[in-house]
Amino acid sequence: MTTDGARRRGPYGLEYARIHVPDMAETIEFLRYHVGLQLERHTDEYAYLRADIEHHCIELISDPSLAASHTVSVGYSVQSAEELADLRDRVSAAGLEVLALQDRMKGLCQEGFAVRDPNGLIIELFTEFQEYAEPPTVELRPLKLVHPFLATDKYDECLEFYTTVLGFQVSDYVGDISAFLRSEDRFHHSLALQRNKEYFVAHLCFMMKSFDHVMRGRARALYKKVPIASDLVNHSASTSIAFYMFEPKHGPRYELCDGHRVFTPEEHETHRARRMVADPRNIDVWRAADNDWDRF
């Protein structure tokens, strides 16, 4: 805990999502071809895929009993043992159960713990996530898994949990229906929340190497007739341009984006969250009018 009035730090950045899938081989091929991930290790039970030097950004768990995928956990790195200890203290002080990391994950970091958010999503927090010496030699690949977007019927509780307990900072609001939260890596948002009638992981966002690579991913989706849940969107809040694919058996919607805003160190400490009008043009500046909600 800080004693000098300094801001208590949040997690550094999103590292991975853990997803249960009905057909792991099919999902591996989907993520390799359509997202550009590289398969690093797999057994009949699980698979690790990576985008850059971090050990993995997607962990798949085989569950043939499922009809559609189910995202059960996301993992965030923390910059130091001291900050991890402070996060653990804040979780305990909030009356939340401190959970152990998944057993395999214990061998991929220095130390860590987990906690359930108000939706039941497991948030894993850890230091010194293992890395490879070099990124994959795949040209058409993401640079980073940037954020999950959570739709939730516990929006207010989640906002309190992620900001007050875990220390995320709000970058922007859209009305009283969405909040974009940043972590210490200074991306405009490392997590987003949407007020909804039910809970689900709405999408996972990957930052590609260029807009050209976003468009090449889109072309691959069109060629393979993968459903494009939302075509090119110019995000007003994060300044990124993206499209979204959705095959329920392979995971939530996958967003491939370019140009996601990164705050400067000064902006990260001084930015005041905007309260933007709940207008479609504050989600996508290319939308035509304020009655354009049903375009997709």
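Structure's up top.
Rules of the game
- Residues numbered from 1 in each chain as written.
- Predicted model: local features only at pLDDT ≥ 70, side-chain atom pairs only at ≥ 80, totals over all residues.
- Heavy atoms only, no water.
- Helix = DSSP H or I, 4+ residues; strand = E, 2+ residues; numbered from the N terminus.
- Rg over C-alpha atoms; globule rule 2.2 N^0.38 Å.
- Buried < 20%, exposed > 50% of the residue type's maximum accessible area, 1.4 Å probe, protein only.
- Contact = heavy atoms within 4.5 Å.
- Phe/Tyr/Trp six-rings, centres within 6.5 Å; stacked < 30°, edge-to-face > 60°.
- Pairing = 2+ DSSP bridges.
- Axes fitted to C-alpha atoms, helices over the stretch in contact; angles between N-to-C directions.

Draft legend 1. The overall build of the protein, seen in detail. When helices and strands are counted, the protein shows six helices and 16 strands. Its C-alpha atoms give the protein a radius of gyration of 18 Å, near enough to 19 Å, the size a compact globule of 296 residues would have. By its C-alpha atoms, the protein is 55 × 50 × 35 Å across when sized along the principal axes. Per-residue burial for the protein yields a buried fraction of 52% across its 296 residues. Residue pairs in contact within the protein that sit at least 24 positions apart in sequence constitute 65% of those at least 6 positions apart.

Draft legend 2. Molecular detail of the packing of aromatic side chains. The tally for this structure, following the rule as stated, stands at nine aromatic pairs. Relative to Phe168, the ring of Tyr162 has its centre 5.8 Å away and its plane inclined at 85°; by these criteria the two rings are edge-to-face. Phe168 shares its class with Tyr162; the two are buried. Seen from their ring centres, Phe206 and Tyr254 are 6.3 Å apart, and the 40° between their planes marks the pair as tilted.

Draft legend 3. Structural context of the side chain of His213. Secondary-structure assignment places His213 in helix H5 (residues 211–223). The contact partners of His213, leaving out residues within four places of it in the chain, are Glu139, Leu140, Arg141 and Met208.

Draft legend 4. A look at the pairing of strand E9 (residues 169–174). For E9, a buried count of six out of six residues is recorded, marking the element as mostly surrounded by other parts of the structure. The pairing of E9 with strand E10 (residues 178–182) spans five bridges and is classified as antiparallel. Bridge pairing in E10 links Tyr173 to Ala179. What sits between the antiparallel neighbours E9 and E10 is a turn of three residues, in which Gly175 has the positive phi angle 50°.

Draft legend 5. How the structure looks around the side chain of Ser77. Looking at where Ser77 falls in the secondary structure, it is placed in strand E5 (residues 70–77). In contact with Ser77, other than residues within four places in its own chain, are Pro11, Tyr12, Gly13, Glu15 and Phe126.

Draft legend 6. Examining the sheet that holds E5 more closely. Judged by pairing direction, the sheet is mixed, and its seven strands sit side by side in the order E2-E3-E4-E1-E5-E7-E6 without closing on themselves. Only two strands of the sheet have a single partner each, and these edge strands are strand E2 (38–42) and strand E6 (111–116). Taking the axes of each pair of neighbouring strands and ignoring which way they run, one obtains an average angle of 20° across the sheet. Two strands pair when backbone bridges link them, and E5 and strand E7 (residues 122–127) are joined in this way by five bridges, in the parallel orientation. What sits directly across from Ser77, in E7, is Phe126. Helix H2 (residues 81–93) contacts E6 and E7 of the sheet and is inclined by roughly 25° relative to E6.

Draft legend 7. Layout of the sheet that holds E9. Taken in spatial order, the nine strands of this open sheet run E13-E14-E15-E12-E8-E11-E10-E9-E16, and their pairing is mixed. If you trace the sheet from one side to the other, it starts and ends with strand E13 (228–234) and strand E16 (274–276), each paired once. Within the sheet, the average angular offset between the axes of one strand and its neighbour, ignoring direction, is 20°. Where E10 lies against strand E11 (residues 191–195), four bridges are found, and the strand directions are antiparallel. Bridged to Phe180 within E11 is Ala192.

Draft legend 8. The arrangement of unusual backbone geometry in detail. The phi dihedral of Arg186 falls on the positive side, at around 75°, and the residue is not glycine. Along the chain, Arg186 falls in the loop between E10 and E11.

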